[in-house]
Amino acid sequence: MDRTGSSSAEKPAPLNPRALLLDLDGTLANSIPAMQLVYRRFLETYGVKPSAAEFARLNGPPLPSIVRVLKQVHRLPDSQEALLAHYCALVDETYAEVTPNEGAHKLLQRAKIAGCIVGIVTSNSLCRTRNWLYRLDFITLVDFVIAGEDVMRGKPDPEPYLSAAARAGCSAGKAVAVEDSLAGALSARAAGLRTFVLGPELSHHWPEDVEVVPSLSDLADRLWNGGA
């Protein structure tokens, strides 16, 4: 108890956001293992040893940006276009097995019940994102998708989340973003959004005012039950 007689562990009030803006890979979708496999297979094609640290740095930006960096750093011989086509083919092959993260369905359902607008803000392609949402029967719980090809500047630039807030028709103060990568968190915070990140609290030096949640199920309770 504090000096006022109230418990210091009191749960925060529910946020009841007007819009919920969710990253896809690593956030709604448990796709990081699949994307790690793609990264490894891609580099091994060219005899390059993959690096966990490099993969972590490249988590978040659009695929063309990732391939551009890999081409420059490892001096890959093929053209940017050929490299990107190869990388995308590996992603398509692997993505069919990607499952949702724990609590994904609960979070989307709770948002729907609360009348909250739900948008996916991803560096992935629109086609791949929509196919995944259809396969998991999430498509009716999502109002729109801002995909990699919908913006000129991808994460960590604020453009993806500014576009999503505009699409949702609400101010940044009425929306929350959910991310798992540093690039995504930087993008959301730069757009002025209240930002939650999924994962271990010490996995990154997160931007100021980012709130870490252990699961999407916990986030659903945080947003609409005040952490109950």
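Since the model is a prediction, treat every value here as computed from it, not as a measurement.

We now examine helix α7 (residues 159-168). By the burial criterion, the buried members of α7 are E159, P160, Y161, A164, A165 and A168. Buried residues along α7 sit against β1 (19-22), β2 (117-121), β3 (144-146), β4 (175-179) and α8 (182-190).

Inspection of the entire model under this criterion finds zero disulfides. Residue C116 stays outside any disulfide, its sulfur separated by 8.2 Å from that of C170, the closest cysteine. Here C116 falls in the buried class, since its relative accessible area comes to 4%. You can see C127 has no disulfide; the closest cysteine sulfur is in C88, sitting 11 Å from it.

The next point concerns the nonpolar core. Judged by nonpolar contacts, the single largest core of 51 residues is most densely connected at L20, L28 and Y87. The element contributing the most residues to this core is helix α1 (residues 32-45), with seven residues. Those residues within four positions of L20 in sequence are excluded, and the remaining contacts are L107, A111, C116, I117, V118, G119, V176, V178, L223 and W224. Counting 16 residues, the second-largest nonpolar core is a separate cluster that includes L21, V121, A168 and A175.

With that settled, consider the pairing of β4. Within β4, five of the five residues are buried, which leaves the element mostly enclosed by the surrounding structure. Side-chain alternation along β4 places A175, A177 and E179 on one buried face and V176 and V178 on a second face that is also buried. Looking at chain direction, β1 and β4 are connected through four bridges and run parallel. Paired with L21 across the strands is A177, a residue of β4. Pairing analysis gives four bridges linking β4 to strand β5 (residues 194-198), with the strands arranged parallel. Opposite A177, over in β5, you have T195 as the bridge partner. Between the parallel elements β4 and β5, the chain passes through α8 in a crossover that is right-handed.

Cut-offs applied
Residues numbered from 1 in each chain as written. Predicted model: local features only at pLDDT ≥ 70, side-chain atom pairs only at ≥ 80, totals over all residues. Heavy atoms only, no water. Buried < 20%, exposed > 50% of the residue type's maximum accessible area, 1.4 Å probe, protein only. Helix = DSSP H or I, 4+ residues; strand = E, 2+ residues; numbered from the N terminus. Contact = heavy atoms within 4.5 Å. Disulfide = S-S within 2.5 Å. Core = buried A, V, L, I, M, F, W, Y, C linked by side-chain atoms within 4.5 Å. Pairing = 2+ DSSP bridges. Right-handed = clockwise from strand over helix to strand, strands pointing away.

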